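An overview of the molecular structure
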Number of protein chains: 2
Amino acid sequence: MSDMLEIEIKCYCDDDEKVRKKLSEIGAGFIEKRRESDVYFNHPSRDFKETDEALRLRNVNGKCRITYKGPKVSLITKARIEHETETGDFTTIRNILLSLGFVESGVVEKDRHIFSYRTMEISIDYVDGLGIFVEIEQIGRLKDKIEKELFDTASKLGLTKFERRSYLQLKYFS
Amino acid sequence: MSDMLEIEIKCYCDDDEKVRKKLSEIGAGFIEKRRESDVYFNHPSRDFKETDEALRLRNVNGKCRITYKGPKVSLITKARIEHETETGDFTTIRNILLSLGFVESGVVEKDRHIFSYRTMEISIDYVDGLGIFVEIEQIGRLKDKIEKELFDTASKLGLTKFERRSYLQLKYFS
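The numbers attached to residues start from 1 for each chain and follow its sequence in the written order. Numbering of ligands from 1 and lettering of chains from A proceed in the order in which they are written. Local features in a predicted model are, by the rule used here, given only for residues with pLDDT of at least 70; side-chain atom pairs are given and counted only at 80 or more, and totals for whole chains, interfaces and linings are based on all residues. Note that water and hydrogens are dropped before the side-chain values are worked out from all heavy atoms of the structure.

Attention now goes to unusual backbone geometry. The phi dihedral of A:N61 falls on the positive side, at around 50°, and the residue is not glycine. Secondary structure is summarised from DSSP: a helix means a run of H or I of at least four residues, a strand means a run of E of at least two, and numbering begins at the N terminus for each. Tracing the chain through its elements places A:N61 in the loop between β3 (54-60) and β4 (63-69). Think of it in three bands: residues with accessible area under 20% of the maximum for their type are buried, residues over 50% are exposed, and the middle band is partly exposed, with areas taken using a 1.4 Å probe on protein chains only. Residue classification places A:N61 among the exposed positions, given a relative accessible area of 65%. Phi at B:R118 takes a positive value of approximately 50°, unusual for a residue other than glycine. Assessed through its relative accessible area of 63%, B:R118 is described here as exposed.

Below, the structure is given as C-alpha cells:
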C-alpha cells in the first residue's frame, strides 16, 4: 500500500438521524459499530504539531493497531500517506514508544458507526467531549478524482460544514 | 513483564557437537530450530551505540516481532529491560519506523537451535558471518542469583569464553 493516500473529509453533523436516513436512501450498507480508544504520541525530537504528522495507537475491543500519518498533501481534504498495522498488546507497544522517548500527547475516544458506500467508508463518529462528526474516506492515488467523490457524497448526505483538523487538534489545541 | 530483566550470557562455541552432547547429558530438551532475520534501527536523535539501547525487528517464518532493549544493568551479563511484542507485517512496521526518522543500522541473520533447561532457554546460534555461539537466558528479577545459574550452566556445557557485545556490534563495530 506504499504511495497510496488515505483521502478523507471530516464533516460537522448536527443531525445524525437525518444522515442515517440519507445513507439508507443512497444505498450505503451498515458495517459495524465499535468503540475506538486512540492514544496519540509526539516525537522525541520533532513536534508533530508543526510537522503535521501523527503517531497513534488505537484500541478496538482489546486489539491494538499502530498508525503513522504523514503531513497532509491537499489543501481541501485530509489526504496523506498512512502506514498502519496491527501490534501485540497495547501496554508493551506503549512501553516501547515511551522508552524511545515518545510522549503521550492526548487521548481521543469515540463510538464509531461505519457504513460502506461504493468504494468509500463513511463513519458517524460520536466523539467524547467534541460531538458528532461524519468522516468519508477512500484509499487511492487519484487524489483530485477521489476528493470530488467525497464532497459529492457529503452533499448527498446534506453535510456542508467541513473540518481539516484532527479530533486530537480539536480536543487539545483549539 | 514490566521491571523483569532479560538476563543472558553469550558464549563462544568452538565445538557445537560437544555442546549438544552435554545438553543431552544434563537433560536439556530440544524445543525448535528456526531462521531469525533481525533488522536493527538507530534512533533519530540519540545514538544507541552510546546509550547501549537497541530497537529490533525480528522476522521468523514470516512473523514479525518488535523489541526494545534498554541499557545493560550488569557488568558481567547482558541483563537489561526488554519490551517485546508481535507486530503486523514487517514492511509496514519498517515504513513506520523509517517515517519517524529511525535509520537501519544493520542486519543479523542466524539459524537458532533452541533448548530448554530448568527455567533457562539455551540457544546454539549459527550466525551468518560470525560463527557459532551459545546464548543462555532467563527472565526474572533476581539478577545475581540468575547470573550465577547462567554461568554454572555454561560451565556444565564446557563453555568458558564469554562475550557481552551483541551480534550487531560484533558484525559492524568490532
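A few words on helix α4 (residues 143-156) of chain B. All names here are of chain B. Take the number of residues in a helix, subtract one, and multiply by 1.5 Å to get its expected span. Taking 1.5 Å of rise per residue, 14 residues should cover 20 Å, and α4 covers 20 Å from first to last C-alpha, within 8% of that figure. Among the residues making up α4, those that are buried are I146, E147, L150, T153 and A154. One side of α4 holds all its buried residues, which, seen down the axis, span an arc of 125°. Facing away from the buried side of α4 by over 90 degrees, the exposed positions are D144, K145, K148 and S155. For this analysis, residues touch if any pair of their heavy atoms sits within 4.5 Å. Looking at the packing, one finds that the buried side of α4 touches β1 (5-12), β6 (103-117), β7 (120-127), β8 (131-140) and β9 (162-163). Note that the arc is defined by the directions from the helix axis to the C-beta atoms.

Moving on to a negative patch on the surface. A surface patch of like charges, here negative, comprises A:E86, A:D89, B:E86 and B:D89. Tracing the chain through its elements places B:E86 in strand β5 (residues 80-87). Take B:E86: its relative accessible area is 47%, and that puts it in the partly exposed class. In this scheme, patches are assembled from residues that exceed 30% relative accessible area and form no salt bridge. Like charges are connected within 9 Å, while nonpolar side chains (Val, Leu, Ile, Met, Phe, Trp, Tyr) are connected within 5 Å. Computed by Shrake-Rupley with a 1.4 Å probe, the accessible areas treat only the displayed protein chains as cover when residues are assessed. Every case where a carboxyl oxygen of Asp or Glu lies within 4 Å of a side-chain nitrogen of Lys or Arg is listed as a salt bridge. Counting rule applied: Lys, Arg positive; Asp, Glu negative; His and chain ends not counted. Where a charge lies is defined by one atom per residue type: Lys uses NZ, Arg uses CZ, Asp uses CG and Glu uses CD.

As a further point, take the relation of the copies chain A and chain B. Least squares is used to superpose the copies, and the fit set is the C-alpha atoms of residues whose pLDDT is at least 70 in both copies. Under the fitted operation, chain A is carried onto chain B by 0.0 Å of movement along the axis and a turn of 180°, and the coordinates agree to an RMSD of 0.0 Å. In the structure described here, the two chain copies are related by an operation that fits a two-fold rotation axis. Of the C-alpha atoms belonging to chain A, the one lying closest to the rotation axis is found on A:T87, 2.0 Å away. Most of the interface of chain A is mirrored in chain B: 100% of its interface residues are interface residues there too.

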